[in-house]
Amino acid sequence: MTRRILITGAGRGIGFAIAQVLARDGFSLALVTKTEASAEKLRAERFVEAADATVVAFDLADPAALASFVADWREPLWGVVHNAGICETAAIADPDHDPWGEVLAVNLEAPYRLTRGLLPRISRPGRIVTIGSQLSVEGRAGYGAYCASKFGLIGLTKCWAKELGRDGITVNAVCPGWVETEMTNSDIDRIAAEQGRDAAAFKAEIADPLELKRFNSPEEVAELVAFLMSQKASGITGRAWLMQTVWNQQ
Ligand SMILES: NC(=O)c1ccc[n+]([C@@H]2O[C@H](COP(=O)([O-])OP(=O)(O)OC[C@H]3O[C@@H](n4cnc5c(N)ncnc54)[C@H](OP(=O)(O)O)[C@@H]3O)[C@@H](O)[C@H]2O)c1
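Throughout, a residue's number is its position along its own chain's written sequence, starting from 1. Selection of residues for local features in this predicted model requires a pLDDT of at least 70, selection of side-chain atom pairs for listing and counting requires 80 or more, and totals for whole chains, interfaces and linings are taken over all residues. Excluded from the side-chain calculations are hydrogens and water; all other atoms, namely the structure's heavy atoms, are used.

K.L.:
Would you take a moment to explain the domain arrangement of the protein chain for this structure?
P.N.:
How big an interface is tends to be reported as the loss of accessible area on association of its parts. Parsing the protein chain into structural domains produces domain 1 (4-177 + 219-242) and domain 2 (181-215). On a C-alpha basis, the centres of domain 1 and domain 2 stand 25 Å from each other. Each side of the interface is counted separately: domain 1 has 10 residues, and domain 2 has 8 residues. Interface of domain 1 and domain 2: buried area, both sides summed, is about 580 Å²; carbon and sulfur atoms make up 47% of it. Per-residue buried area on domain 1 facing domain 2 is highest for Arg12, Tyr143 and Glu220; these three make up 49% of the total on that side. Salt bridges are counted wherever a side-chain nitrogen of Lys or Arg sits within 4 Å of a carboxyl oxygen of Asp or Glu. Across the domain 1-domain 2 interface, the total number found is 2 salt bridges. The salt bridge partner of Arg12 is Glu182, with a shortest N-O separation of 3.5 Å. Just so you know the grouping, Ala, Val, Leu, Ile, Met, Phe, Trp, Tyr, Cys and Pro go in nonpolar, Asp, Glu, Lys and Arg go in charged, and all remaining residues, Gly too, go in polar. The residue makeup of the side of domain 1 that touches domain 2, split by class, is 5 nonpolar, 3 polar and 2 charged. Domain extents, as shown, originate in an automatic or database domain assignment. Residues are treated as being in contact if the distance between any of their heavy atoms lies within 4.5 Å. Accessible area, probed at 1.4 Å, shrinks when two parts are joined; the buried area is that loss added up over both.

Rendered as structure tokens:
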């Protein structure tokens, strides 16, 4: 029987690339997006059809929608990739904007509830991969909620690895630095605009201290996830895999 992997946030960016690469590797897919428009676009992809994929749209930040998804899910899963994430910034001193609730709900509570709910469906052995960030290991001004959620994911990853290792379920976090996606480009545009700078020059400046002198591609992140999902990675668990050096600016 083909092994099925559930991927959240598969509509675009890193999650879309993970879906493509895991389909290439022969897995069946279960794909979660937020919007029906994204789900519809995914269903039209040839690799999605070929991977016998189930595509479902619901808001991971809505506890009732998440509980109902979990209650309805009956199929066995080889693995889960907790990829969906949002990044909203606000300084702790900002009296007008507080993204804490939504960021924590999508980035941290949803992986927790989804894993709890789907665990009886995950095979032994099996795989869980969380998508952390360079901000899973370092702080950045204005990113308190995002950092808290991504540090928290590493905590869950390490605890679950210890709890589930005896069942052969490995749990690892992939922590990309800067990746060429919509999320990154809108972040860079916003910071550059705030600082009155040219976005392209700002991007080049960010890339300079990175080992590879460039951002990662979504496909490069996906290849690491694919390795961790494979049989070859059966002995690797409880680790946070940081992809490049942390870009550390105040
Ligand atoms: N981009 C980077 O540079 C970078 C770096 C480090 C870590 N990461 C992490 O990598 C992951 C993916 O990032 P990305 O840049 O690929 O993101 P993205 O391009 O913004 O895509 C986010 C995906 O998550 C889905 N999503 C967002 N909120 C959701 C919700 N409430 N319920 C259900 N689905 C939801 C979106 O659904 P729709 O398609 O329906 O909108 C979309 O498919 C995130 O966890 C992010 O924190 C990204």
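Here the narrative resumes.
K.L.:
What's the story with the packing of aromatic side chains in this structure? I'm lost.
P.N.:
Two measures describe an aromatic ring pair: the distance that separates the ring centres and the angle between the ring planes. Pairing of aromatic rings covers Phe, Tyr and the six-membered ring of Trp, with a centre-to-centre limit of 6.5 Å; geometry is then stacked below 30 degrees between planes, edge-to-face above 60, and tilted otherwise. Here the structure, examined in full by the defined rule, presents 7 aromatic pairs. Here the aromatic rings of Phe58 and Phe69 are separated by 4.9 Å at their centres, their planes lie at 25°, and the arrangement is stacked. Separated by 11 residues along the polypeptide, Phe58 in the loop between strand E3 (54-57) and helix H4 (63-72) and Phe69 in helix H4 bring together distant segments of the chain. Take Phe58 and Phe69: they sit in the same class, and that class is buried. Ring geometry for Tyr143 and Tyr146: centres 6.5 Å apart, planes at 75°, overall edge-to-face. The same class applies to Tyr143 and to Tyr146, which are both buried. Clustering of aromatic rings is evident, with ring pairs tying together Trp178, Phe202, Phe215 and Trp247. Secondary structure elements are taken from DSSP: a helix is a run of H or I of four residues or more, a strand is a run of E of two residues or more, and numbering for both begins at the N terminus. A 1.4 Å probe rolled over the protein chains alone gives each residue an accessible area, and that area as a share of the maximum for its type sets the label: buried under 20%, exposed over 50%, partly exposed in between.

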